[in-house]
Amino acid sequence: SERQRRHVTDVLGAFSGSVRLSLSLAFAALSTSSAARSSEAVAAARVVSAGEVAYTSSAVLEYAAGRFVETLVLVPRIVRDWWTGCSREDQGAILAFVARRISPVLIGAAMDEVVASREVQEADALKVTVARSKGVVNARYEIDEMEVGLTLSLPEAYPLQPVVIEAAGAHKGIAKSQWRRWMLSLRAMLDTQLASLTQVVLHWKSSLARRFEGVDE
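Attention in this report is confined to the structure presented alongside it. (Residues numbered from 1 in each chain as written. Predicted model: local features only at pLDDT ≥ 70, side-chain atom pairs only at ≥ 80, totals over all residues. Heavy atoms only, no water.)

So, about the packing of aromatic side chains. Scanning the entire structure with this criterion turns up one aromatic pair. Seen from their ring centres, Trp179 and Trp182 are 5.1 Å apart, and the 85° between their planes marks the pair as edge-to-face. Here Trp182 and Trp179 lie together in helix α7 (residues 176-192), a separation of three residues that amounts to about one turn. Residues Trp179 and Trp182 agree in their burial class; the two are buried. (Phe/Tyr/Trp six-rings, centres within 6.5 Å; stacked < 30°, edge-to-face > 60°. Helix = DSSP H or I, 4+ residues; strand = E, 2+ residues; numbered from the N terminus. Buried < 20%, exposed > 50% of the residue type's maximum accessible area, 1.4 Å probe, protein only.)

On to α7, then. Compared with the 24 Å implied by 1.5 Å per residue over 17 residues, the 24 Å span of α7 between its first and last C-alpha is a close match. For α7, the full list of buried residues reads Gln178, Trp179, Trp182, Met183, Leu186, Met189, Leu190 and Asp191. (Expected span 1.5 Å × (residues − 1).)

Another point: unusual backbone geometry. The step from Tyr158 to Pro159 runs through a cis peptide bond, and the omega angle for that step is 0°. Here Pro159 shows up in the loop between β3 (146-153) and β4 (164-169). The phi dihedral of Ala125 falls on the positive side, at around 60°, and the residue is not glycine. With respect to the element layout, Ala125 can be found in the loop between α6 (118-122) and β1 (126-131).

As structure tokens, then:
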């Protein structure tokens with residue numbers, strides 16, 4: 001009903017607002033502390049409850065770092081909205097902080113997850129390579145003597161900056177509109193469904209296989 005839709009909208013708006021406020025407070029704590037310049041600050045970030053925080057600068061920093069990283073991973077779109085609403089000066093500071101202190105760890109973990117995936121390793125006609133230094137995952141799928149490709153590039157400030165998705169290879173027999181739908185689907189998986197890179201690659205491969213098997217999506 002219309003009343004229920006309004007209620008959901010209000011709840012989501014309140015959630016988004018509270019997340020933005022929390023991000024502002026967390027980043028303020030990080031940016032004003034000299035310890036925030038140390039890699040240990042983010043490396044030590046863990047899931048910490050408010051009840052665990054003692055009133056010391058190191059404990060507050062650890063808590064702030066944990067909240068900031070956790071929120072960035074769980075709701076990246078909201079974090080991006082908050083970031084773009086900051087002043088130009090703050091945007092630059094936040095981008096630099098994420099790129100230096102957070103992204104290298106998250107990008108490395110994402111690459112490791114793809115490499116370790118048995119589903120990817122055992123998938124028929126699918127070849128996946130990882131360029132860790134560049135933060136790039138290349139997938140190639142062969143079907144009906146045709147090879148198509150997908151490239152997922154993690155930017156320097158991932159996940160504050162979104163994954164770049166590119167399709168490559170011959171698209172013979174597949175309408176451009178279908179490719180666009182697939183790319184939008186992959187984008188939605190990454191931005192709103194918390195999908196891993198492995199899940200995105202396997203979904204893409206499954207979509208291709210279903211298409212050539214004549215199964216409508």
